Amino acid sequence: MRRLEDGLKERREKGLLREVRLPGDLIDLSNNDYLSLAQNGEVKKAAIEAIEKYGCSSSASPLISGYKEAHDAFLKKVCEWCGFETGMIWNTGFAANQAVLSGLPQKGDLVLADRLIHNSMISGILQSGARLMRYRHLDLEHLESLLVKERDAESIVFVVTESVFSMDGDYPDLKAMATLKERFDFVWLVDEAHASGWYGEKGSGLVEESGVGQSVDVLVGTLGKGLGSMGAYTLFHEEALKTHFENYASEFIYSTYLPPSSVAAAGAAIDLIGKRKNERAWARQVSAGMRARLSEVGLDVMDGDSPILPVILGSVERVAEARSFLEERGFAVGVIRPPTVPEGTSRLRISLKSDLDPSLLAGLAEALEDFAKR
């Protein structure tokens, strides 16, 4: 216990000690409900109807009796939405990534991963026993050089990336990655967690928008962000992948399944997303415009149009000061510090919403501009 206490004391002194916080009576721009569907009436109605029919729990693991008609209906809907033949539903995105990347690569295989992939992906890869090499963030020339170097090796090569990166809000050139796959024939996994609902004609993500769905071997998505619910999905073109994970993935086999209300809510969300093309297009314009405006006053923001707007302030102290300043103006934003991001890159993580009132957006921009002048 003393060792634990000393470690916590050190983190507290460095300003790195995390704590659970209630957002309070603030405009919450810290969560991932990018389309505000968690509070949508039709989404809530679908969840309530599922509770009335199935109860509040699936009450069993999926291979016993936890897999219900609601799960099956949602799986078919999300496969059609994303253009994949088959797939699986998981309790969480962390479980999905960890299961796939611990169970698909094997000892002797090689995983080439973007340096900034999510912790859930790293956790899975390290458990797999495969060799891990990380290419520079979004640097496809570096990725290509590693592929060339390993071209004659006997190992199976996996390439792993997020579409929209969770802490930076940027994304790779998926079309260029698909071209690399044509040349090097690797197994390609793309995590669409922060792109689902925001990108694509149908709203299913950047894979759809880039037109590379047939090149992606495993697509990972979440119900808990743009779809306003809870859970995750992995989609495949090969039935054998589904059969493999149903039989070997502990994360799937040995846990009570997510409640039917979660997938019912997410299914209703998909229906709504398809009808909101104009709203989604407007939100992307807002994201790009906000970045340009903040850059003009000297704030370090990244180009793009994703819902994730990071404002990099450097020190832990500066970020904490900025959070308090914005709370005084009525906004709750995320504060991201090491070890989630590298030393010296502590940041505000602002989650934009597709339905934010223009006056609130103006107020947010003015608050950030005022802070920049301090």
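Residues numbered from 1 in each chain as written. Predicted model: local features only at pLDDT ≥ 70, side-chain atom pairs only at ≥ 80, totals over all residues. Heavy atoms only, no water.

Participant: Tell me about the pairing of strand 8 (residues 232-236), and please be specific about residues and values.
Facilitator: For strand 8, the tally of buried residues reaches five of five residues, placing the bulk of the element in the interior. Every second residue of strand 8 is oriented toward a common face, with Ala232, Thr234 and Phe236 on one face and Tyr233 and Leu235 on the other, all of them buried. Sheet analysis places strand 2 (residues 86-90) next to strand 8, joined by five bridges and oriented antiparallel. If you follow Met88 over to strand 8, its bridge partner there is Thr234. Relative to strand 8, strand 7 (residues 218-222) runs antiparallel, the two sharing five bridges. Opposite Val218, over in strand 8, you have Phe236 as the bridge partner. (Buried < 20%, exposed > 50% of the residue type's maximum accessible area, 1.4 Å probe, protein only. Helix = DSSP H or I, 4+ residues; strand = E, 2+ residues; numbered from the N terminus. Pairing = 2+ DSSP bridges.)

Participant: I'd like to hear about the packing of aromatic side chains, residue by residue, with values.
Facilitator: Scanning all chains against the criterion turns up eight aromatic pairs. Here the aromatic rings of Phe236 and Phe245 are separated by 6.0 Å at their centres, their planes lie at 25 degrees, and the arrangement is stacked. In this pair, the class of Phe236 matches that of Phe245, namely buried. Among the aromatic residues, those joined into a cluster by ring pairs are Tyr67, Trp90, Phe252 and Tyr257. (Phe/Tyr/Trp six-rings, centres within 6.5 Å; stacked < 30°, edge-to-face > 60°.)

Participant: Can you break down the sheet that holds strand 12 (residues 346-351) residue by residue, with the values?
Facilitator: In space, the five strands of this open sheet follow the order 1-11-12-10-9, with mixed pairing throughout. With partners counted over all chains shown, the strands left at the sheet margins are strand 1 (27-29) and strand 9 (300-301), one partner each. As paired strands, strand 9 and strand 10 (residues 308-314) are joined by two bridges and run antiparallel to one another. Its bridge partner lying in strand 10, Val301 is registered against Val311. Strand contacts of helix 13 (residues 277-296): strand 9 and strand 10, with the helix running at about 20 degrees to strand 10, the strand carrying the most contacts. Against the sheet, helix 14 (residues 316-328) engages strand 10, strand 11 (331-336) and strand 12, with an angle of about 35 degrees to strand 12. (Contact = heavy atoms within 4.5 Å. Axes fitted to C-alpha atoms, helices over the stretch in contact; angles between N-to-C directions.)

Participant: Break down helix 7 (residues 140-149) for me, citing the residues and quoting the values.
Facilitator: By the burial criterion, the buried members of helix 7 are Leu140, His142, Leu143, Leu146 and Leu147. Viewed end-on, helix 7 has its buried residues packed into an arc of 155 degrees, placing them on one side of the element. Among the exposed residues of helix 7, those pointing more than 90 degrees away from its buried face are Glu141 and Lys149. Elements that come into contact with the buried residues of helix 7 comprise strand 3 (110-114), strand 4 (131-135), strand 5 (157-162) and helix 8 (174-184). (Arc of directions from axis to C-beta.)

Participant: Could you give an account of the pattern of salt bridges, naming the residues involved and the relevant values?
Facilitator: Scanning all chains against the criterion turns up 14 salt bridges. Between Lys77 and Asp271 there is a salt bridge; the shortest N-O distance is 3.0 Å. Residue Lys77 is found in helix 4 (residues 69-82), and its partner Asp271 is found in helix 12 (residues 260-273); the two are separated by 194 residues along the sequence. We classify Lys77 as partly exposed; its relative accessible area is 28%. (Salt bridge = Lys/Arg side-chain N within 4 Å of Asp/Glu carboxyl O.)

Participant: Got a sec to walk through the environment of Gly93? Specific residues and values, please.
Facilitator: Within the secondary structure, Gly93 sits in helix 5 (residues 93-103). Remark: the alpha-carbon pair of Gly93 and Pro260, spanning 167 residues in sequence, is separated by 17 Å. Excluding anything up to four places from it in sequence, Gly93 contacts Gly231 and Ala232.

Participant: Run through the environment of Leu360, naming residues and quoting values.
Facilitator: Within the secondary structure layout, Leu360 lies in helix 15 (residues 358-372). The partly exposed category is assigned to Leu360, whose relative accessible area is 30%. Separated by 278 residues in sequence, Leu360 and Cys82 place their C-alpha atoms 33 Å apart. Ignoring any residue separated from it by four or fewer positions in sequence, one finds Leu360 in contact with Ile27 and Phe331.

Participant: Before we move on, can you summarise the state of the cysteines with the specific residues and values?
Facilitator: In the structure shown here, the tally under the stated rule is zero disulfides. Here Cys79 stays free of any disulfide, with the sulfur of Cys82 as its closest cysteine sulfur at 7.9 Å. (Disulfide = S-S within 2.5 Å.)

Participant: Tell me about unusual backbone geometry, residues and numbers included.
Facilitator: The omega torsion of the bond from Pro338 to Pro339 falls at 10 degrees, within 30 degrees of zero and hence cis. In this structure, Pro339 sits in the loop between strand 11 and strand 12. Backbone geometry places Ser36, a non-glycine residue, at a positive phi of 55 degrees. With respect to the helices and strands, the residue Ser36 is situated in the loop between strand 1 and helix 2 (41-54). Given the relative accessible area of 21%, Ser36 is considered partly exposed. Phi at Ser59 is positive, roughly 70 degrees, even though this residue is not glycine. Among the structural elements, Ser59 can be located in the loop between helix 2 and helix 3 (62-66). A residue is classified by how much of its surface remains accessible, and Ser59, at 60% relative accessible area, is exposed.

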